[in-house]
Amino acid sequence: IKLDSASLDQTIKQSASSVEPAENQKTRKLTETAVVNAIEDQLKAAIQQANRAILRYGEQQTAARGLGSTVTVALVHNDQAYIANVGDSRTYLLRNKQLTPLTRDHSLVARLVESKQIEPEDVYTHPQRNLIYRSLGAGHKNIDVDIFHETLDGNDSLLLCSDGLWEMVRKQDLEKVLGEQSSPQ
């Protein structure tokens, strides 16, 4: 799945062209809102496309029927990060050696933490920690995609990871490793 600037430009031109007749059109800078909406629409469309691909694969391969996945994605435009997620894959912001989650998990244990029924540390050992209520595939024809915005500072980094990382490596260990690296590579 590819987000391309030509598609984004076309979306923006279509939005702009619907406002004025062609003979009155001039080159002009789009409002920030139009750019934000176009980026959000592209992220959502890409994730919906991935969902359809997973569903098609499940229809073609009977052993994969009911297959599901989670996703987190970030698109950085100038100093703005646009983050989309479905499920319990996460995007974190590393700023001043502090790791902060930018996304919300769509899981049972996240809801239990939010409602103060369990402690945040309990998510790592809870018997139902793998139950998610939103995912790609798994028979879901349409999915809700969460979009988050973050203004980035010059030294900020984003960490995108699946539950295979955040569930196995605790936050303080992630901060330590990320803080020791001079390059994100």
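Everything here concerns the structure above.
Residues numbered from 1 in each chain as written. Predicted model: local features only at pLDDT ≥ 70, side-chain atom pairs only at ≥ 80, totals over all residues. Heavy atoms only, no water.

Draft legend 1. Broad picture of the overall build of the protein chain. Counting its regular elements, the protein chain contains five helices and eight strands. Going residue by residue from the N terminus, the α and β elements of the protein chain occur as α-α-β-β-β-β-β-α-β-β-β-α-α. By residue count, 35% of the 185 residues in the protein chain fall in the buried class. Put simply, the protein chain shows about 11,800 Å² of open surface, and 47% of that area lies on carbon and sulfur atoms. (Helix = DSSP H or I, 4+ residues; strand = E, 2+ residues; numbered from the N terminus. Buried < 20%, exposed > 50% of the residue type's maximum accessible area, 1.4 Å probe, protein only. Areas by Shrake-Rupley, 256 points an atom, 1.4 Å probe, with all protein chains shown as cover.)

Draft legend 2. Here's a closer look at the packing of aromatic side chains. Counted under the stated rule, the structure contains zero aromatic pairs. Positioned above the aromatic ring of Y133, the side-chain terminus of R111 is 3.7 Å from the ring centre. The ring of Y124 has R170 lying over it, and the distance from NZ or CZ to the ring centre is 3.7 Å. (Phe/Tyr/Trp six-rings, centres within 6.5 Å; stacked < 30°, edge-to-face > 60°. Lys NZ or Arg CZ within 6 Å of the ring centre and 35° of its normal.)

Draft legend 3. Looking closely at the sheet that holds strand β3 (residues 80-86). Overall, antiparallel pairing links the three strands, which are arranged β2-β3-β7 in an open sheet. Each edge of the open sheet is held by one strand with a lone partner, namely β2 (71-77) and β7 (146-151). Across the sheet, the axes of successive neighbouring strands diverge by a mean angle of 20 degrees, strand direction being ignored. Here six bridges tie β3 to β7, and the two strands are oriented antiparallel to one another. Within β7, the residue paired with Q80 across the bridge is T151. Taken strand by strand, helix α2 (residues 32-60) contacts β2, β3 and β7, and its axis lies near 150 degrees from that of β2. (Pairing = 2+ DSSP bridges. Axes fitted to C-alpha atoms, helices over the stretch in contact; angles between N-to-C directions. Contact = heavy atoms within 4.5 Å.)

Draft legend 4. Molecular detail of the sheet that holds strand β5 (residues 98-101). One open sheet holds the three strands; their spatial order is β5-β4-β8, and the pairing between them is antiparallel. Each end of this open sheet is capped by a strand with a single partner; those strands are β5 and β8 (157-161). On average, each strand axis in the sheet is tilted by 30 degrees relative to the strand beside it, whichever way the strands run. Here strand β4 (residues 90-95) runs beside β5; their pairing, made up of four bridges, is antiparallel. Across the sheet, the residue bridging to L93 is T100, located in β5. Helix α5 (residues 171-180) rests against β4, β5 and β8 of the sheet, and its axis sits at about 130 degrees to β5.

Draft legend 5. Representation of the nonpolar core. L43, I47, A84, V86, L136, I143 and V145 are the most contacted members of the largest nonpolar core, which totals 15 residues. The set of elements that each furnish at least two residues to this core consists of α2 and β3. For this core, the element with the most residues is α2, which contributes seven residues. Apart from the residues lying within four places of it in its own chain, the contact partners of L136 are I47, A50, N51, I54, L67, G68, S69, V71, V86 and I143. Membership of the second largest hydrophobic core comes to 12 residues, among which are Y92, L112, Y124 and L159. (Core = buried A, V, L, I, M, F, W, Y, C linked by side-chain atoms within 4.5 Å.)

Draft legend 6. Just the pairing of β4, in detail. For β4, a buried count of five out of six residues is recorded, marking the element as mostly surrounded by other parts of the structure. Note: β4 against β8, five bridges, orientation antiparallel. For Y92, the partnering residue across the bridge sits in β8 and is L159. The loop that links β4 with its antiparallel partner β5 comprises two residues; one of these, N96, has a positive phi angle of about 55 degrees.

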